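Structural overview
Given next are the chains, with one letter for each unit.
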Amino acid sequence: MKFLFLSAYLFLMIAVAYGQEVASYEKRAMKHFNAARKLYEEKETSKALEELDDAIRLDDRFTEAYLLKSDIYQDLDSVFLQIRNLEKAVSVSSRGTYGKIPLVLANAYYRIGIYDKARSAYLDYLEVVHDSLTGEKVKEQIKKCDFALAKMASPVKFHAENMGDAINTDFDEYWPALTIDGSTLVFTRLLPVGPAGSKNTHYQEDFYESKFSAGKWQMAQPLGLVNTMNNEGAESISASGNLIFFTACNRPGGYGSCDIYFTRKEGNHWTEPKNAGEPVNSGAWEAQPSIAANGKYLYFVSNRKGGKGGMDIWRCMLKGFTEDGIPRWGGPENLGDSINTPGNEMSPFIHPDGRTLYFSSDTWMGMGGTDIFCTRMLNDSTWHKPVNLGYPVNTWRNEQGLIVDATGTYAYYSSDRPGSKGMDIYRFALDKDYRPTPVSYVLGRVADRESKFPLKALVKLIDLDKDKIVSETYSDEKEGTFFICLPVGRNYAFNVSSQGYLFYSASFLLKELYKPDDPRHMDIFLDPVGKGRSVILYNLFFDTDSFRLLDSSKPELEEMVLFMNENPGVCVEIGGHTDSTGNRDYNQELSEKRAESVWRYLVEKGVGKERLTFVGYGILKPVATNNTPAGRAKNRRTEFTITEIREK
């Protein structure tokens, strides 16, 4: 929060403003005061305080002595002692002469969350000083006091659970990052370097990793090659747990003071970090990355040119990696006025649902310091107005670095709240008003059906209602593994394709599901293109008892068009099938007309008629029992079969 901050020597500012001399009726008190002022200028604060105490013992109504003491305690960050002396200065001054003292006192109250007294002191200031510019800022501070008092009067449910000795130590732990399956926690620890108690001892940040196993978090271990003798911090781990982006400063070859770096997990080891490159990094300050679960965007903080204020939140599209493993980025995008302000927005966390963003701000209406806010994406470039997470999640302290698990139930953050050993990492149940869309996921492996060798394949998740690709990734070339998120509450087409193979089709119908389902673990075997090979098209949908294709069928139809274009020598038969419900002849006719509808779509998209045939099989070729709803659903299907492969 940006305070109306007055510099040191407030006592001199008061004197100048009102044409007064700094003086005491007691000459001996004045002598101590002058000695204290000189000592303060020489940075001898302890001796200066002793001289001021002597001055006040001789003249307990010595206003300027109290003000100088408040300046010294402000420098020492001793807010309560600063307040005590400011209160005394107000009590011994006449209302018409204490000028800006109430403003400094109000800011001090506000700084430690005494909002009612801050509000009163701001009002006192407005009665005495009539400066239109300052007055508007003070009125804004009064609104913030009213906001904070209202939040405290209606607190959100909040119970912070310390993460325990496996993670928290006598040192500071902060900036938690969690994989989507909740099995791996990575965080920053501040450690001493050098002999204990030595003047040469300094502190540095390193990464630690803990695994959740046997119902508890295991003892955290340092993150291998990633840690150096320099600082590493403010990290984000990919949903799969195989990629970390983090902040490091003043390293050789860097672009600015602080840059974003990355490291990959290969087997059980992390690779030596590399700079993430331009345009994520620039000559400015870049830090605090957050990688989207679908791998599409990297969100980060920067004070580069073109922003809205101090620190802004930006993002870059991650377009993949080069053969050397270096990220390929799209251009930097500022998240705009709906999030960024003339102040500072920091510590972004994009939830795995891909549309809920948590961040900290010192300018949006809050409790003081930096508060945590939540916003949701309206479209690809605009966001809802941020909402404060409320009290006591937010307090007069600086809150930042919050993350939320895939279920949207639990949030993790660091705090020095009572009972902590310095900064500790905590978990708490997030208030329902601020929860994101829960997310499930698919962890899979793609391989050749015959050889079982892993394949590099394109994996696509498509929102059937919006005909929009939600996630697109490639399976690992060496392992064949892939990872993809499934936000619940939507229906998806799921396609896997690799050159020279028939594509794989599946669907995830999660529209009526509002809690995470069990994660999917899938082994997907692709058939090489060959005569007699067939694919069931699970994402072709028709009106009930109709052959009219629904709009939600378009992604699957386009996948067929793409396959036919990439394999110009392939000829296929489109087969329609029904369950056994109803009249046999009716089912036969319906299956044929449905197959013809698919045939017609492909022809209209430019696939030659000579490469396509269609046939209706009705109830003749069931793949499951017709005695259950699930079995009948499997029998109602469309599939295509390769009938011939011609020379190209």
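Residues numbered from 1 in each chain as written. Predicted model: local features only at pLDDT ≥ 70, side-chain atom pairs only at ≥ 80, totals over all residues. Heavy atoms only, no water.

The helix and strand inventory of the chain stands at 11 helices and 34 strands. Taken against the 2.2 N^0.38 rule, which gives 26 Å for 648 residues, the C-alpha radius of gyration of the chain at 33 Å runs more than 25% over that of a compact globule. In terms of its C-alpha atoms, the chain occupies a principal-axis envelope of roughly 115 × 55 × 45 Å. The burial tally for the chain puts 51% of its 648 residues in the buried class. By sequence separation, contacts in the chain at least 24 residues apart represent 58% of the contacts at least 6 residues apart. Total accessible area computed for the chain in this model is approximately 30700 Å², and 50% of it derives from carbon and sulfur atoms. Counting 78 positive and 87 negative side-chain charges, the chain places the averaged centre of each group 2 Å from the other. (Helix = DSSP H or I, 4+ residues; strand = E, 2+ residues; numbered from the N terminus. Rg over C-alpha atoms; globule rule 2.2 N^0.38 Å. Buried < 20%, exposed > 50% of the residue type's maximum accessible area, 1.4 Å probe, protein only. Contact = heavy atoms within 4.5 Å. Areas by Shrake-Rupley, 256 points an atom, 1.4 Å probe, with all protein chains shown as cover. Lys, Arg positive; Asp, Glu negative; His and termini not counted. Charge placed at Lys NZ, Arg CZ, Asp CG, Glu CD.)

Quick look at the pairing of strand β3 (residues 184-193) now. In terms of residue burial, β3 counts as a mostly covered element, since eight of its 10 residues are buried. Where strand β2 (residues 172-178) hands over to β3, the hairpin turn is made up of five residues, of which glycine 182 adopts a positive phi near 70°. (Pairing = 2+ DSSP bridges.)

Relative to the helices and strands, proline 102 resides in helix α6 (residues 101-111). Put simply, proline 102 and alanine 89 are 13 residues apart on the chain and 9.6 Å apart in space, counted from C-alpha to C-alpha. Leaving out residues up to four positions away in the same chain, proline 102 has contacts with Ala121, Asp124 and Tyr125.

Let us now look at the side chain of aspartate 424. Structurally, aspartate 424 is set in strand β23 (residues 424-429). Of the buried charged residues, aspartate 424 lacks a salt bridge, with lysine 421 as the closest side chain of opposite charge at 5.6 Å. Polar side-chain contacts of aspartate 424 include one of 3.1 Å to the backbone nitrogen of lysine 421. For aspartate 424, the residues in contact, after removing those within four places along its chain, are Asn162, Asn168, Thr169, Phe171, Glu173, Tyr413, Ser414 and Ser415. (Salt bridge = Lys/Arg side-chain N within 4 Å of Asp/Glu carboxyl O. Polar contact = N/O pair within 3.5 Å; in protein donor to acceptor, adjacent residues only side chain to side chain.)

Before going further, it helps to spend a moment on the state of the cysteines. The final tally for this structure, using the stated rule, is one disulfide. Here cysteine 249 is linked by a disulfide to cysteine 258, with a sulfur-sulfur distance of 1.8 Å. Here the S-S torsion is close to 95°, and the disulfide linking cysteine 249 with cysteine 258 is therefore right-handed. (Disulfide = S-S within 2.5 Å.)

So, on to the environment of threonine 363. The residue threonine 363 is located in the loop between β18 (356-361) and β19 (371-376) in this model. Taking the C-alpha atoms as reference points, threonine 363 and isoleucine 524, 161 residues apart in sequence, are found 49 Å from one another. At 3.4 Å, the side chain of threonine 363 and the side chain of threonine 341 are in polar contact. Within the structure, threonine 363 has its side chain in polar contact with the side chain of aspartate 362 (distance 2.8 Å).

Scanning the model with the defined rule gives 29 salt bridges in all. Among the ionic pairs, lysine 421 bridges to aspartate 165, the shortest N-O distance being 3.2 Å. Residue lysine 421 is found in the loop between β22 (410-415) and β23, and its partner aspartate 165 is found in the loop between β1 (161-162) and β2; the two are separated by 256 residues along the sequence. For lysine 421, a relative accessible area of 31% gives the class partly exposed. A relative accessible area of 58% means that aspartate 165 is categorised as exposed. In this structure, glutamate 596 and arginine 600 form a salt bridge, with 2.6 Å as the shortest nitrogen-oxygen distance. On the criterion of helical spacing, the pair formed by glutamate 596 and arginine 600 is a turn pair, its members being four residues apart in helix α10 (residues 584-604).

Our next topic: unusual backbone geometry. Residue proline 279 is bonded to the preceding glutamate 278 through a cis peptide linkage, with omega at 0°. Within the secondary structure layout, proline 279 lies in the loop between β11 (274-275) and β12 (286-291). The step from tyrosine 391 to proline 392 runs through a cis peptide bond, and the omega angle for that step is 10°. You will see that serine 347, though not glycine, has its phi angle at about 45°, which is positive. By the secondary structure assignment, serine 347 is in strand β17 (residues 345-350). The phi dihedral of aspartate 545 falls on the positive side, at around 55°, and the residue is not glycine. Residue position: aspartate 545 is located in the loop between β31 (534-537) and α9 (554-566). Aspartate 545 sits in the exposed class, given a relative accessible area of 53%.

With that settled, the discussion passes to the confidence of the model for the chain. Overall, the prediction assigns the chain a mean pLDDT of 90, with 94% of residues at 70 or greater. Below a pLDDT of 50 lies the segment residues 1-9, which in the model reaches 36 contacts outside its immediate sequence neighbourhood of four places, other chains included. This stretch, residues 11-20, has a pLDDT under 50; its non-local contacts, to residues over four places away or in other chains, come to 24 contacts. (pLDDT = per-residue confidence, 0-100.)

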